[in-house]
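# Residue-level structural notes
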Amino acid sequence: SVNPDLASERQTASFSVEKLTALLDGGAEQTRIRRAVVEAIESDPEFSRENQYFQTQNERYEAAVRKAVHLQKRMHEMGWTENGPEYKYIYRALSGDVAFLLHRVFMRSISVLGSDKQIAKWIPLATQHKLIGSYAQTELGHGTYLQGLETTAVFDTATQEFILNTPKISAMKWWPGDMGRSATHTVVFAQLYIHGKCYGIHPFIVQIRSLQDHSLCPGITAGDIGPKMNFEHIDNGYLLLKNVRIPRENMLSKFCEVRPDGTYVRQGSQKINYFTMTTVRISLISDEVLTPLMKACTIAIRYSVVRRQSKLKPGEQEAKILDYQTQQEKLLPQLAAAYAFHFINDYLQELFNRGYREIQRKNFDMLPELHALSSGFKAVITQHCTAGVEICLRACGGHGYSLLSGLPSLYTKILASCIYEGENTILLLQTARFLIKCFMAASAGQPVPPSVTYLAAVKHGKCPAKSKLDFLNPDIYTEAYQHVAVRLTSSTAAKLQDLIQSGVKKHDAWNQCTVQLVQAAKAHCHYIAVKNFAETVEKLETKAGIQKIMKHLCDLFALHGIFSNTGAFLHDGYTSAAQMDMVTASYLDLLAVIRKDAVPLVDAFDFTDQSLNSALGSYDGQVYQRLYEWAQKSPTNQMSPAYERYLKPLLHNTLSKL
Amino acid sequence: AAAMSVNADLRRERAAATFQPELLTHILDGGPERTRRRKEIEALVLNDPDFQHEDLNFLSRSQRYEQAIRKSSLMVMKLREYGIADPEEIYWFKSFVHRGRPEPLDLHLGMFLPTLLTQATPEQQDRFFMPAWNLEIIGTYAQTEMGHGTHLRGLETTATYDPSTQEFILNSPTVTSIKWWPGGLGKTSNHAIVLAQLYTQGQCKGLHAFIVPIRQLGTHEPLPGITVGDIGPKFGYDEMDNGYLKMDNFRIPRENMLMKYAQVEPDGTYVKPVSDKLTYGTMVFIRSLIVGDSARSLSRACTIAIRYSAVRHQSELKPGEPEPQILDYQTQQYKLFPLLATAYAFHFVGAYIKDTYHRINGDISKGDLSELPELHALTAGLKAFTSWTANAGIEECRMACGGHGYSRCSGIPDIYVTFTPSCTYEGENTVMMLQTARFLMKSYTQVTSGQQVSGMVSYLNDLSRQRIQPQHVAARTVTVRINDPTSLVEAYKSRAARLVESAAKNLQAELSHRKSKEDAWNRTSVDLVRASEAHCHYVVVKLFTAKLAEVGDAAVRAVLTDLCLLYALFGISRNAGDFLQAGILTSAQITQVNQHVKELLAVIRPNAVALVDSFDFHDVHLGSVLGRYDGNVYENMFEWAKKSPLNKTQVHESFHKHLKPMQAKL
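None of these values were measured; they are calculated from a predicted model. (Residues numbered from 1 in each chain as written. Chains lettered and ligands numbered in written order. Predicted model: local features only at pLDDT ≥ 70, side-chain atom pairs only at ≥ 80, totals over all residues. Heavy atoms only, no water.)

Tallying secondary structure elements over chain A gives 23 helices and eleven strands in all. For 658 residues, the compact-globule estimate of 2.2 N^0.38 gives 26 Å, and chain A sits close to it at 27 Å. For the C-alpha atoms alone, the extent of chain A along its principal axes is close to 90 × 80 × 65 Å. Here chain A, with 658 residues, has 63% of them falling under the buried criterion. Once local pairs closer than 6 in sequence are excluded, the contacts in chain A between residues at least 24 apart make up 72%. On chain A, roughly 25,100 Å² of surface is accessible, and the fraction owed to carbon and sulfur atoms is 53%. Here chain A holds 70 positive side-chain charges and 62 negative ones, and the gap between their average locations is 3 Å. (Helix = DSSP H or I, 4+ residues; strand = E, 2+ residues; numbered from the N terminus. Rg over C-alpha atoms; globule rule 2.2 N^0.38 Å. Buried < 20%, exposed > 50% of the residue type's maximum accessible area, 1.4 Å probe, protein only. Contact = heavy atoms within 4.5 Å. Areas by Shrake-Rupley, 256 points an atom, 1.4 Å probe, with all protein chains shown as cover. Lys, Arg positive; Asp, Glu negative; His and termini not counted. Charge placed at Lys NZ, Arg CZ, Asp CG, Glu CD.)

As structure tokens, this is what we get:
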């Protein structure tokens, strides 16, 4: 039965939860398909994650391999294909707890970077799992900065082979998933040398393990890189190459080819390849970043209406902790951010689909803008959501610290997203470079891409709000965000120019402004996120209370951003001290309003108990009973050798000998 | 691996320092003699083969518990063998043995024994203390319940007195009343001090402490009526068997209630305790430890991140030149140096609280407790302020190490998971901030009613004066000198005053149109937390600044002054809105502050490695491949990885179990 404290929260919802779920899924039909996939996977005990918190690294890895193999079978039985509508829900239903994710990256890189002949040779083998692929780019000494990679591939015209080497320890491949134990092949990125000349980084298919007995191939040293904060189920690996010879045909050669005589030929435009890399940054947002935040909000908010602590009114029952303003102030902005980023993700997906169509028509005009948006939003969303999950964790007090709450593993998993696919600071600086360029162009009257036209229309007004209610007007706060973004970009551009004019070298000037540049890039993304949320709300149907509650969340998202960064808005007097007090008042009022719908708002995310895998966040709110029963299954409650070995001698007067 | 020389980058960094790191180490330790003694104890532990073991990162939780309990028992014996009895020296010994991690006897040594000393009658001490001292009895302290943490009055466990048998009957009446979390309870302890609601003669007399045997001496099996076990895996604290305890009509003799203060007579008559002000002292002491721990944990993370940033080269700053050390990037300095400054600031705050506590403790014996309420209120806030900041700071350090920071070989994940519960235990941080706020509101009310307040809140006295001279605040803006720490202390003072006043006024406004005082308090609590934070921030800047004058060596004073300025200015930059809104600084001044922060980054850069060397963490204690003193990071990452459990066999068993059959079928 449902805990009455949680049941009562659901009775007062101001909107239809089912309709909101459908909105998040992109339609009721999508909801139906998703639920069918989730149901099929969760009813299969092979995919259970119940024991995952008790397992060692070895057990987690083995389970992930077992699940990956079983998944092939199930997909076949269910008639799910990689192009079918079900496919995108499988990963979510498994909560990512499955091996061979890099196998897909391996296949994609061959499809994108390989010649037709290479695709015809390798893709069928990979599809049938005759081989297991990985993708080896990052090295011990080099990550985001690809030109710095040190692995070498020297072309030997005599044998028509490339000779691959790891010339020093920092050049060892390090981190690639599935490579530590599983992969038989990997795409290795190496500096290409022909006749002593370096041609830069190129991709090569290298076999690393025997297809017969899985032993390492000659010249290969490979293994697992050891325990990490999370991803125990993935065998991130290292790879050392010593005079490993591969045939000339193994260099992926859609764009660059080495002829038998050693002639290097470049062909076609790499821009489409570049676009593919950019797309990956956007494609990870939904499953790897938004889902964990939504789960964390679900767990923390449900728990906060079940947990009672201390008294708000003398003589009454202890209060639900969600009734404390400080608890609302921790959790509800995270909830608003989850919705804001969901909608910006929709916006980015649409933009990228459009970009893809343009690029197929050989129109590359949108590329710089898409690149800037994907870099900036990848950084801003991963950072914001990671912080949000940690806030949820700490808002659950002691019990949040138990692995059985589900929150520690959500946190340790999401935080990796701040680093992979481009370190966040570096990505923000790429966005900033685009902003500065566009600002200069706009100032000179040249046309700029749509997302930055606002940089040209600098207005020197003041915030017109006269009462706290004015700050519930999207025009008012959107304009405030715009003002800050313009101010930060223009002042940094001016500072850069000053430095250069005073004789500082261009690259030094850039480094001296990077702290400001990062702030400008964040302000730009924040502005677009607020604007997009407001525009999305405008377009929602007014029925079923959806638009009203989304408007509240939009207001909260915007005002929380101002409240937690008042300096940026007060600077140069755009917002006055008195107006800032209005922002605070409106913001705090909103917390109390959204509080009433908090549980329905997380119910709408529609996570099953199995997918939350949390003693605190289950739908029925039977928190304490579940925590107690689950803890008893812990391996530490089986007989431990520690008593016989250490405790017994200790307790039996070892000390009296002293 | 063969002995390796120090990485050339780190050698260069150390040669370029403008001060002697040992001198700064002495200041952190409290004098050269303390440093010498600390290193002596460190050597005692690190050279002892009994305390060696495999890297804990490769062990399962059960194995880690086993190692910890093995080391703990040896530790207790060796402490006595060496005659180490000073609390601080015991603390050092323990943290070298366990490398900064918790251990299963923590609660026995830190709570069970001290509670016996302070709350047991002489007769009870005779029965329990020596057996506990000799570890025949291992005890824990069972307060927190599954449904109740910081709010003690809500605890549900009952102890009902039965005069016919002269026993207390202990019960866990609900699931929420099960004792949950106490360290050492799960597997280690055979006794627990249990906090329960006392019922006698049909009346509830509130919370009292009882000594409860939970496991059979000899077999270690749970006693009838006792259900006890481990609460399962956690984020960190793998070494600790945090436990649960459920009691069903479990009877203990009347003499097992700790009766130094309150008593239950054989017929069930309840005798009330005298004043409980003394318990303030213990809380202040424990919070001072957490402040110190915030400083140490952040220092460890900074040591790792800064040394690694000097070793790691990436990308290019100048076209055509070799890849620079990542510590040369402004964004990297901006992440790390303010945290380095914060670590130093918190060291000095921790030392201040400890000294003040010892001073007041001297006064307590003379009966002067007048300073205790303020110190109690202040330490609540500082505990929260420093642990929140350090918690976030450790994560920033980890992020600043990129992908390798995510590997457990970096050591930072472990520092984080070990440290983060201090935001919750010994008083949840938000609740702590609100305790400080209560004191601030009380002080504010005193000032407005014409009384003077003293101590750290004395700046509130100025508020009434400012109201008479409205131009006063405006006049203040031009007087802030951003190069002068003393002047910045004044700016922080004004900010705190403004936020305290604003919270007080909002609270007043809520009170004027709401019936319930608690409701009004709740609706102001976000403001109140902000006010407390501003107050704590002011105290930290003030204490750091005051420390500078005590430093004799000019070179060390110069580098600490840079750090102090960075700490203060970075705080202004991050909270610019508060200073702008209150009119303490103008937009132009904020721009100058931002600029000066960046200039200070460049000033501190040459001393960065020497400043973390001064923390003087031994490599074994640091537990980090990235933060090694010799900087030979990559070679040792490879050595470390080879020991990973997944690498035990050349071909993993899952190949035969799963992969091969699948490939055969396709």
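There is more to say, and it comes next.
Attention shifts here to unusual backbone geometry. Phi angles above zero are rare outside glycine, and Phe-100 of chain A is one such case at about 70 degrees. Its place among the elements puts Phe-100 of chain A in the loop between helix H5 (87-94) and helix H6 (101-113). The exposure class assigned to Phe-100 of chain A is buried, which follows from its relative accessible area of 7%. Positioned with a positive phi, Asn-249 of chain B is a non-glycine residue whose angle comes to about 45 degrees. On the secondary structure map, Asn-249 of chain B appears in the loop between strand E8 (243-247) and strand E9 (250-253). Accessibility expressed as a relative area gives 55% for Asn-249 of chain B, which makes it exposed.

With that settled, consider the pattern of salt bridges. Side-chain pairs of opposite charge can arise where the charged atoms are in close proximity. All names here are of chain A. Tallied over the full model, the rule gives 75 salt bridges over all chains. Among the ionic pairs, Glu-29 bridges to Arg-32, the shortest N-O distance being 2.8 Å. Remark: Arg-32 and Glu-29 occur in helix H3 (residues 28-42); sequence separation between them is three residues, near one turn of the helix. For Glu-29, a relative accessible area of 44% puts it in the partly exposed group. Among the ionic contacts, a cluster of salt bridges with common partners joins Glu-18, Asp-25, Arg-34, Arg-35 and Asp-606. (Salt bridge = Lys/Arg side-chain N within 4 Å of Asp/Glu carboxyl O.)

Residue and element names in this part refer to chain A. When the UniProt feature table is mapped onto this chain numbering, "active site" (unreviewed entry) sits at Glu-421. By the secondary structure assignment, Glu-421 is in the loop between helix H12 (407-414) and helix H13 (424-443). Judged by its relative accessible area of 38%, Glu-421 is partly exposed. Beyond its immediate chain neighbours, meaning those up to four positions away, Glu-421 contacts Val-280, Arg-281, Leu-284, Lys-378 and Leu-427. (UniProt positions renumbered as here; feature names shortened; annotations may be inferred.)

Residues annotated by UniProt as "domain: Acyl-CoA oxidase C-terminal" (unreviewed entry) correspond here to residues 484-662 of chain B. Across residues 484-662 of chain B one finds 75% helix and 0% strand; the C-alpha atoms that close the span lie 71 Å apart.

On to the pairing of strand E6 (residues 203-213) of chain B, then. Both strand E5 (residues 191-200) of chain B and E6 of chain B contribute to a ladder of nine bridges, which runs antiparallel. What sits directly across from Ile-193 of chain B, in E6 of chain B, is Ile-211 of chain B. (Pairing = 2+ DSSP bridges.)

As a further point, take the UniProt feature "binding site: FAD" (unreviewed entry) in chain A. All names here are of chain A. UniProt marks Thr-138 and Gly-177 with the feature "binding site: FAD" (unreviewed entry), using the numbering shown here. Judged by maximum C-alpha separation, these annotated positions cover 40 residues in sequence but sit close together in space, the widest gap being only 10.7 Å. Within the secondary structure, Thr-138 sits in the loop between strand E1 (133-136) and strand E2 (152-156). Contacts of Thr-138, omitting those with residues within four sequence positions, involve Gly-143, Met-172, Lys-173, Trp-174, Trp-175 and Pro-176. Position of Gly-177 among the secondary structure elements: in the loop between strand E4 (173-174) and strand E5 (185-194). When near neighbours in sequence (up to four residues on either side) are disregarded, Gly-177 contacts Leu-102, Ser-134, Ile-234, Asp-235 and Asn-236.

Before going further, it helps to examine the domain arrangement of chain B. The extent of an interface is frequently quoted as the accessible surface area lost upon association of the parts. Residues and elements named next belong to chain B. Domain parsing of chain B yields domain 1 (22-101), domain 2 (137-273) and domain 3 (282-450 + 489-613). Distance between the C-alpha centres of domain 2 and domain 3: 38 Å. Taken together, the contact between domain 2 and domain 3 spans four residues of the former and nine residues of the latter. Of all residues in domain 2, Thr-150, Phe-235 and Tyr-237 give up the largest surface area on contact with domain 3, accounting jointly for 90% of the area buried on that side. Linking domain 2 with domain 3 are zero salt bridges, by the criterion used here. Where domain 2 meets domain 3, there are zero residue pairs in polar contact (both at pLDDT 80 or more). Looking at the side of domain 2 that touches domain 3 residue by residue, the classes come out as two nonpolar, two polar and no charged. (Domains from an automatic or database assignment. Buried area = accessible area lost by both parts, 1.4 Å probe. Polar contact = N/O pair within 3.5 Å; in protein donor to acceptor, adjacent residues only side chain to side chain. Nonpolar A, V, L, I, M, F, W, Y, C, P; charged D, E, K, R; others polar.)

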